[in-house]
Amino acid sequence: MVTTAKSSTGKAQRSRRTRRTGRRDPVAVTLLKKDHREVEGWFDEYEQLEDEAEKLALFNKIALALKVHTQIEEEILYPEERGDVEDDMLDEAYVEHDGAKKLIAEIEAMKPSEQFYDAKVKVLGEYIKHHVKEEEQPGGIFAQAKKGDEDLDAMGERMRARKEELTAELAKAKPN
Ligand SMILES: [Fe+2]
Ligand SMILES: [Fe+2]
């Protein structure tokens, strides 16, 4: 049974879901793309900042969102799409996640006043943009997943629940 969101948008989502026009992104893809746009916006915002406390606060927001997002993909999307998405593409995505996590850990160990802090945040942003392209581009991970057998609406509902859980969990565990 598919559980439907209880929010006020629930009804609209339900009616869209029943109409299979083929143009609509399934819930899993919609959720992940929304995360991508959000974090891209925050990287752009970071570039405008001068105040170190504001930089730290925004970076912490970016780091938390990226940790939750990559974990959801690694726990749910990537393993469940094995077989539907090319192995090489999935393997590279894991490696790119690892690269991003290392850079995040390096930045977390620094202060915004230190040399290379801004540069590392900038490079992380570029790295994420590249990775997001691999996921969203024609023939990329999402496109291949959409052609596959998995129910990406049901998967999206599970992702949404896991995202909430992880966000609460990791926000508590934050070092600073
Ligand atoms: Fe990813
Ligand atoms: Fe992603």
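Definitions and limits used
Residues numbered from 1 in each chain as written. Chains lettered and ligands numbered in written order. Predicted model: local features only at pLDDT ≥ 70, side-chain atom pairs only at ≥ 80, totals over all residues. Heavy atoms only, no water. 1 Å grid on protein atoms, 1.4 Å probe; cavity = no way out; pocket = protein on both sides within 12 Å on 5 of 7 lines; lining within 4 Å. Points joined across faces, edges and corners; volume = space filled by probe spheres on them. Helix = DSSP H or I, 4+ residues; strand = E, 2+ residues; numbered from the N terminus. Nonpolar A, V, L, I, M, F, W, Y, C, P; charged D, E, K, R; others polar. Expected span 1.5 Å × (residues − 1). Buried < 20%, exposed > 50% of the residue type's maximum accessible area, 1.4 Å probe, protein only. Polar contact = N/O pair within 3.5 Å; in protein donor to acceptor, adjacent residues only side chain to side chain. Donors = N, O, S within 2.8 Å, 3.2 Å for Na, K, Ca; no water. Tetrahedral: all angles 85-135°; square planar, octahedral: opposite > 155°, others 65-115°.

Trainee: Mind showing me how you'd approach the layout of surface pockets here?
Mentor: Any empty space left between the atoms is revealed when a probe the size of a water molecule rolls over them. Taken as a whole, the largest pocket holds about 650 Å³ of empty space. Lining the largest pocket are 30 residues; nearest its centre among them are Thr-30, Leu-31, Lys-34, Asp-35 and Lys-163. Secondary-structure elements contributing two or more residues to the lining of the largest pocket are helix H1 (10-18), helix H2 (27-48), helix H3 (52-81), helix H5 (117-136) and helix H7 (152-173). With nine residues, the top contributor of residues to the lining of the largest pocket is H2. Class assignment of the residues belonging to the lining of the largest pocket gives a composition of eleven nonpolar, seven polar and twelve charged.

Trainee: How should H7 be read in this particular structure?
Mentor: Residue pairs spaced three or four apart in an α-helix point in one direction, given the helix's 3.6 residues per turn. In this model, H7 (22 residues) spans 30 Å end to end at C-alpha, consistent with the 32 Å of a helix rising 1.5 Å per residue. For H7, every residue scored as buried is listed here: Leu-152, Asp-153, Met-155, Gly-156, Glu-157, Met-159, Arg-162 and Leu-166. Of the residues that open H7, the one with a side-chain oxygen 3.0 Å from the backbone nitrogen of Asp-153 is Asp-151.

Trainee: Looking at this structure, I do not really get the coordination of the iron ion (ligand 2). What am I missing?
Mentor: Around a metal, the ideal angle is 109.5 degrees if four donors adopt a tetrahedral arrangement and 90 or 180 degrees if six donors adopt an octahedral arrangement. Around the iron ion (ligand 2), the donor atoms from the protein are His-36 (NE2), His-69 (NE2), Glu-73 (OE) and Glu-135 (OE), and they sit 2.1 to 2.2 Å away. Classification of the site at the iron ion (ligand 2) as irregular follows from its four donor atoms and the range of 82 to 172° in their angles at the metal. Each donor residue of the iron ion (ligand 2) lies on one chain, and together they are spaced H-x32-H-x3-E-x61-E. In this structure Glu-73 comes out as buried when scored by relative accessible area, which is 0%.

Trainee: So what exactly am I meant to see when it comes to the environment of Gly-83 here?
Mentor: Topologically, Gly-83 is positioned in the loop between H3 and helix H4 (87-108). Using a relative accessible area of 70% as the deciding quantity, one classes Gly-83 as exposed. Put simply, Gly-83 and Ala-145 are 62 residues apart on the chain and 9.5 Å apart in space, counted from C-alpha to C-alpha.

Trainee: Sorry, what's going on with the coordination of the iron ion (ligand 1) here?
Mentor: Taken together, Glu-73 (OE), Tyr-78 (OH), His-97 (NE2), His-131 (NE2) and Glu-135 (OE) make up the protein donors of the iron ion (ligand 1), found 2.0 to 2.4 Å from the metal. In the primary structure, the donors to the iron ion (ligand 1) are separated according to the pattern E-x4-Y-x18-H-x33-H-x3-E.

Trainee: Can you walk me through unusual backbone geometry in this structure?
Mentor: Working note: non-glycine residues mostly have negative phi, and peptide bonds are mostly trans. Residues other than glycine seldom take positive phi values, yet Phe-116 does so here, at roughly 80°. Within the secondary structure, Phe-116 sits in the loop between H4 and H5. For Phe-116, a relative accessible area of 52% translates into the label exposed.

The quantities given are spatial measurements derived from coordinates; they are silent on function.
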